[in-house]
Amino acid sequence: MKTRLKPELRIFPGLEALSEALAAAVAEVGRDSVAQRGVFRLVLNGGGTPEKLFSLLGQEPNDSMRFWEKTQVFWGDERCVPPDQGGSNYKQASDAFLSKLPLDSENVHRIPGEYPPEEAAAATNQLLAAIAEAGREGPRFDLVLLGMGRDGHTASLFPGTDYGAVQSAAVAVTAEYAGRPADRVTLTPRILNGARRIFFMAAGEEKAVTLADVLEGPYDPVRLPAQWIRPPEGQVTWWLDEAIAAKLDDKGGRA
């Protein structure tokens, strides 16, 4: 059985071209969101793949970048480490670009990684509930940035768990990835799938088989958690380099 996921694909020669195009797309969504709703609710990812993207987003703002003043920033997941320590997704984004933008600190909603996982998840659920829209566990995000690991995980939704049964917006995770055990907190499909737009950013030949399984293989999200991301009212776009797209049967959307 094939997945019913029919995302838009954007394929680029390499990570630099991908990052440049994605930075422009993030800014476009930001400007449109502020123009239409007066706010831009953005969820950031972590890891090595978005480093170039973050550096581009941190360039000196000009008149076309004024949407950052109306931006609310969140994270899809976080390691349970202090916010000034290496490995913190918050620190990565703050150092790379958030600290360089006209953002009000009250609009930066980090997951408190200095807490134990259960406490950090509870604090995150409380925060999201406080600004929730009617009928939702939290706000409806305008744009969620996600990545994909070699095992098909996204955010900190790892293989082996039925996240479709989780009713909260955030949950504590104890997982080992690439031989590195870590306590984490992740947003769940329940809130991520409420987003208006979701941009997956993925690159590298070592993930090509996994990507083909996620997009063109049987629907098995417990094994391939990126398949949990199926927004009923939103749009998913995969921003890919040619190396990771090599195993796809359908390569429509080449940039």
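This section reports on the structure supplied with the text. These numbers come from a predicted model, not from an experiment.

### Digging into the packing of aromatic side chains
Two measures describe an aromatic ring pair: the distance that separates the ring centres and the angle between the ring planes. Applying the stated criterion across every chain, the model contains nine aromatic pairs. Between Trp-75 and Tyr-90 the ring centres are 5.6 Å apart and the planes differ by 65 degrees, which places this aromatic pair in the edge-to-face class. Within this pair, whereas Trp-75 is found in strand S3 (residues 71-75), its partner Tyr-90 is found in helix H3 (residues 89-96), the two being separated by 15 residues in sequence. Assessed through its relative accessible area of 1%, Trp-75 is described here as buried. An aromatic cluster is defined as three or more aromatic residues linked by ring pairs; in this entry it consists of Phe-40, Phe-54, Phe-67, Trp-68 and Phe-97. Note that Arg-110 overlies the ring of Tyr-90, its terminal NZ or CZ placed 5.8 Å from the centroid. The side chain of Arg-230 reaches across the aromatic face of Tyr-219, ending 4.2 Å from its centre.

### So, the side chain of Thr-237
Along the polypeptide, Thr-237 turns up in strand S9 (residues 235-241). Residue class for Thr-237 comes out buried when judged on its relative accessible area of 1%. Within the structure, the side chain of Thr-237 is placed 3.2 Å from the side chain of Glu-8, a separation counted as a polar contact. In this structure, Thr-237 is in contact with Glu-8, Arg-10, Arg-197, Ile-198, Phe-199 and Phe-200, ignoring residues within four places of it in sequence.

### Things to note about the sheet that holds strand S8 (residues 197-202)
Here we have six strands laid out as an open sheet, ordered S1-S9-S8-S5-S2-S3, and parallel in their pairing. Looking along the sheet, the strands with just one partner apiece sit at the ends: strand S1 (8-12) and S3. Going across the sheet, the axis of each strand differs from the next one's by a mean of 20 degrees, ignoring polarity.

### Here's the deal with the layout of surface pockets
Space inside the largest pocket adds up to approximately 400 Å³. Among the secondary structure elements, those contributing two or more residues to the lining of the largest pocket are strand S4 (77-79) and strand S7 (180-187). Residue composition of the lining of the largest pocket, by class: seven nonpolar, eleven polar and five charged.

### With respect to the environment of Ala-155
With respect to the helices and strands, the residue Ala-155 is situated in the loop between strand S5 (143-146) and strand S6 (170-177). Among the residues examined, Ala-155 registers a relative accessible area of 12% and is labelled buried. In the structure, Ala-155 is positioned 79 residues away from Gly-76 in sequence and 5.6 Å away in space, judged by C-alpha atoms. When sequence neighbours within four positions are dropped, the list of residues in contact with Ala-155 reads Gly-76, Asp-77, Leu-146 and Thr-186.

### Some words on empty space enclosed by the protein
Scanning the model with the defined rule gives one cavity of 30 Å³ or more in all. In this structure, the largest cavity spans a volume of roughly 50 Å³. Taken together, Phe-74, Trp-75, His-109, Arg-110, Ile-111, Thr-124, Leu-127, Leu-128 and Leu-187 make up the lining of the largest cavity. Of all the secondary-structure elements, those providing two or more residues to the lining of the largest cavity are S3 and helix H4 (117-130). Among the elements that make up the lining of the largest cavity, the one with the highest residue count is H4 (three residues). Here the lining of the largest cavity is composed, by residue class, of six nonpolar, two polar and one charged.

### Some thoughts on the pairing of S9
Where a strand is regular, its side chains alternate between the two sheet faces. The element S9 is largely enclosed, with a buried count of six among its seven residues. Here S1 runs beside S9; their pairing, made up of five bridges, is parallel. Of the residues in S9, the one forming a bridge with Arg-10 is Trp-239. Where S8 lies against S9, six bridges are found, and the strand directions are parallel. The residue bridging Arg-197 from the neighbouring strand is Gln-235, located in S9.

What counts, and where the lines are drawn
- Residues numbered from 1 in each chain as written.
- Predicted model: local features only at pLDDT ≥ 70, side-chain atom pairs only at ≥ 80, totals over all residues.
- Heavy atoms only, no water.
- Phe/Tyr/Trp six-rings, centres within 6.5 Å; stacked < 30°, edge-to-face > 60°.
- Helix = DSSP H or I, 4+ residues; strand = E, 2+ residues; numbered from the N terminus.
- Buried < 20%, exposed > 50% of the residue type's maximum accessible area, 1.4 Å probe, protein only.
- Lys NZ or Arg CZ within 6 Å of the ring centre and 35° of its normal.
- Polar contact = N/O pair within 3.5 Å; in protein donor to acceptor, adjacent residues only side chain to side chain.
- Contact = heavy atoms within 4.5 Å.
- Pairing = 2+ DSSP bridges.
- Axes fitted to C-alpha atoms, helices over the stretch in contact; angles between N-to-C directions.
- 1 Å grid on protein atoms, 1.4 Å probe; cavity = no way out; pocket = protein on both sides within 12 Å on 5 of 7 lines; lining within 4 Å.
- Points joined across faces, edges and corners; volume = space filled by probe spheres on them.
- Nonpolar A, V, L, I, M, F, W, Y, C, P; charged D, E, K, R; others polar.

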